[in-house]
Each structure stands twice: as structure tokens, then as C-alpha cells.
Amino acid sequence: DSGVTQTPKHLITATGQRVTLRCSPRSGDLSVYWYQQSLDQGLQFLIQYYNGEERAKGNILERFSAQQFPDLHSELNLSSLELGDSALYFCASSVLSVDGELFFGEGSRLTVL
Amino acid sequence: QQQVKQSPQSLIVQKGGISIINCAYENTAFDYFPWYQQFPGKGPALLIAIRPDVSEKKEGRFTISFNKSAKQFSLHIMDSQPGDSATYFCAASTASKLTFGTGTRLQVTL
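Enquirer: Help me out: how do you make sense of the overall build of chain A in this one?
Expert: Along chain A, the regular secondary structure elements total zero helices and eleven strands. Of the regular secondary structure in chain A, the N- to C-terminal order runs β-β-β-β-β-β-β-β-β-β-β. Relative to a compact globule of 113 residues, whose C-alpha radius of gyration would be 13 Å, chain A shows 13 Å and is just as compact. Projected onto its principal axes, the C-alpha coordinates of chain A cover approximately 35 × 30 × 25 Å. Of the contacts formed within chain A by residues at least 6 apart in sequence, a portion of 55% connects residues at least 24 apart.

Enquirer: Mind showing me how you'd approach the sheet that holds strand β6 (residues 56-59) of chain B here?
Expert: Sheet strands pair via backbone hydrogen bonds, and the direction of the pair is either parallel or antiparallel. All names here are of chain B. With antiparallel pairing, the five strands of this open sheet are ordered in space as β1-β3-β8-β7-β6. Each of the sheet's edge strands pairs with one partner strand only, and the pair in question is β1 (4-7) and β6. In this sheet, neighbouring strand axes are inclined to one another by 15° on average, regardless of whether the strands run parallel or antiparallel. When β6 meets strand β7 (residues 62-67), the two strands line up antiparallel, connected through four bridges. Bridge pairing in β7 links K58 to T63.

Enquirer: Even after reading the chapter, I still don't get the interface of chain A and chain B, so can you show me in this structure?
Expert: Interface size, as often reported, equals the accessible area lost upon joining of the parts. Counting from both sides, the interface comprises 17 residues of chain A and, opposite them, 17 residues of chain B. Counting across the chain A and chain B interface gives one salt bridge. A:E106 is paired through a salt bridge with B:K42; the nearest N and O atoms lie 2.9 Å apart. Here chain A and chain B share four residue pairs in polar contact (both at pLDDT 80 or more) between them. Going through the elements one at a time, β4 (31-38) and β5 (42-50) of chain A are the ones with two or more residues in the side of chain A that touches chain B. By residue class, the composition of the side of chain A that touches chain B is eight nonpolar, six polar and three charged.

Enquirer: Could you clarify how one ought to interpret the sheet that holds strand β1 (residues 5-7) of chain A in this entry?
Expert: All names here are of chain A. Strand order in this open sheet of four strands is β1-β3-β8-β7, and the pairing throughout is antiparallel. In this open sheet, the two edge strands, each paired with only one partner strand, are β1 and β7 (64-68). For this sheet, the mean inter-axis angle between neighbouring strands, taken without regard to orientation, is 15°. Pairing between strand β3 (residues 19-24) and strand β8 (residues 74-78): five bridges, direction antiparallel. Along β8, the bridge assignment pairs C23 with S74.

Enquirer: Would you explain the pairing of strand β2 (residues 10-14) of chain B in this entry?
Expert: Two faces belong to every sheet, and in a regular strand the side chains alternate between them. All names here are of chain B. The alternating pattern of β2 places L11 and V13 on a buried face and S10, I12 and Q14 on a face that is not buried. Bridge count for β2 against strand β11 (residues 104-109) is five bridges, and the pairing is parallel. Among the inter-strand pairings, S10 is bridged to a residue of β11, identified as R105.

Enquirer: Looking at this structure, how should I read the packing of aromatic side chains?
Expert: Given two aromatic rings, one states the distance between the centres and the angle between the planes to describe the pair. Evaluation of the coordinates by the stated rule reveals 18 aromatic pairs over all chains. Judged by centre distance (6.4 Å) and plane angle (75°), the rings of A:F64 and A:Y89 are edge-to-face. Separated by 25 residues along the polypeptide, A:F64 in strand β7 and A:Y89 in strand β9 (residues 87-94) bring together distant segments of the chain. The same class applies to A:F64 and to A:Y89, which are both buried. Following the ring pairs from residue to residue traces out a cluster consisting of A:Y35, A:F45, A:F90, A:F104, B:Y36, B:F89 and B:F100.

Enquirer: Looking at this model, I keep getting lost on the nonpolar core. Mind explaining?
Expert: Nonpolar side chains in soluble globular proteins generally cluster together in the buried interior. Within the largest apolar cluster, 24 residues are counted, with the highest numbers of intra-cluster contacts made by B:F33, B:W35, B:F73, B:L75 and B:Y88. Breaking this core down by element, the ones donating at least two residues are β2, β3 (19-25), β4 (33-38), β5 (45-50), β7, β8 (72-77), β9 (86-93) and β11 of chain B. In terms of residue count, β9(B) provides more of this core than any other element does, four residues in total. Those residues in contact with B:L75 that sit more than four places away from it in its chain are B:S19, B:I20, B:I21, B:W35, B:L47, B:I48, B:F62, B:T63, B:I64 and B:Y88. Among the nonpolar cores identified, the runner-up in size contains 20 residues, and A:L21, A:V32, A:W34 and A:I60 belong to it.

Reading guide: rules and limits
- Residues numbered from 1 in each chain as written.
- Chains lettered and ligands numbered in written order.
- Predicted model: local features only at pLDDT ≥ 70, side-chain atom pairs only at ≥ 80, totals over all residues.
- Heavy atoms only, no water.
- Helix = DSSP H or I, 4+ residues; strand = E, 2+ residues; numbered from the N terminus.
- Rg over C-alpha atoms; globule rule 2.2 N^0.38 Å.
- Contact = heavy atoms within 4.5 Å.
- Pairing = 2+ DSSP bridges.
- Axes fitted to C-alpha atoms, helices over the stretch in contact; angles between N-to-C directions.
- Salt bridge = Lys/Arg side-chain N within 4 Å of Asp/Glu carboxyl O.
- Polar contact = N/O pair within 3.5 Å; in protein donor to acceptor, adjacent residues only side chain to side chain.
- Nonpolar A, V, L, I, M, F, W, Y, C, P; charged D, E, K, R; others polar.
- Buried < 20%, exposed > 50% of the residue type's maximum accessible area, 1.4 Å probe, protein only.
- Phe/Tyr/Trp six-rings, centres within 6.5 Å; stacked < 30°, edge-to-face > 60°.
- Core = buried A, V, L, I, M, F, W, Y, C linked by side-chain atoms within 4.5 Å.

Written out as C-alpha cells, the structure reads:
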């Protein structure tokens, strides 16, 4: 158990809909990262937050947004969903803003029908 | 742009054999090179990592070899076991971002 909690574990929705994925980092970790994992793309970095502020941005679509709250949990919002958004979404956390060891949750599997 | 190239995509090794996974990078600003192991239904977990000031790091049966001039690094799994069957990701990071390779699915057969 990495200590990172993600909900929901599975989510099935329709195209055009909006969903919110939630992540609780390990106790004491200030950085939260979101990754998208699909079969042919590996792990794609989406966005990083450090202590409530956006720190780095990767290949995150404009339809996606995220935030980190004062209690350090984070949410990833996916809107106007398309079939191609079906993937595993991982949250990871680390102590510092500088990348070192990331602790990953078990992921949220999103299926868009 | 794929900044970390990983090969092979899949690998089958007999129990007791050596598994070798290779990665190459382009960005010379990368200063930390971890390997992550992922079992089905689980998130990736750090396996072993190296910084560019050393050429090799060994932890148990797992060894990273690092060639700074060639911008390549590899993971060697000695005496591979069925329990090592998983997907392995190499990665490289700068201060702000960790970039993963596309992953290698390793199967260790009896």
C-alpha cells in the first residue's frame, strides 16, 4: 500500500459528460502529480501541484483541469469526454517539489462509451 | 515528442535467466533516472534509481547500468523469477517533471 488513495476505482460514462477523479496523497506529501496511462502511450504526465499551486504542466488537454485543495487532496476534472479519454488515471505524491520517488495510487479506470 | 525511448516492448525470459531492458534519452538536463515496476491492477512503484554521476547501481538482483556519453541506461534483472513478471518503466527527470518510457512487459516463464 503506497498510502495514496484514489477514487473512484472504476468509472463508466458517456461521451460529452464530465467526471471528477479524486486523490488523497500520502500523509506529509506536498506534491501531487496526475498521469494518464493508455495501452499505446505509456504513462503521460498531465500536471503537478505543490502545496496548492500548479508547478508543472504536461500534455494536459484544455478539457481537463485539476486543483489541489488546502488539505492537499487533489481533483482532476475531465469534461466533454471523448472515447479516446478512456484510460487509467494515476495520481502520485511526493514529499518535495523536486522529482524523486513518486508514490502512486492504484488508479482510476475511466471508460467512455 | 518521446524524450525517453524504451525497448523492448515485451520480453519473455526463462526462470533463472537475465532480463535486460534498455532506455535512451535526449535531454541532457535529466539528472535522475528511476525504474518503476507495475503489477496488473496496481500503480507503478519505484524499483531502483540512479543519478548520472555513477555508472552502475546494484540492489539485490536488480542493476542499473548508466552510460552518460551515449545517453543510455539499462535495467538488468539477474536470476529472473516468475514473481518479477510485471511491466517495467524507465524514467528520467529534471527538477520539474518525470518523463516515463513506454514500458516493457516482462514475462518470466518456468
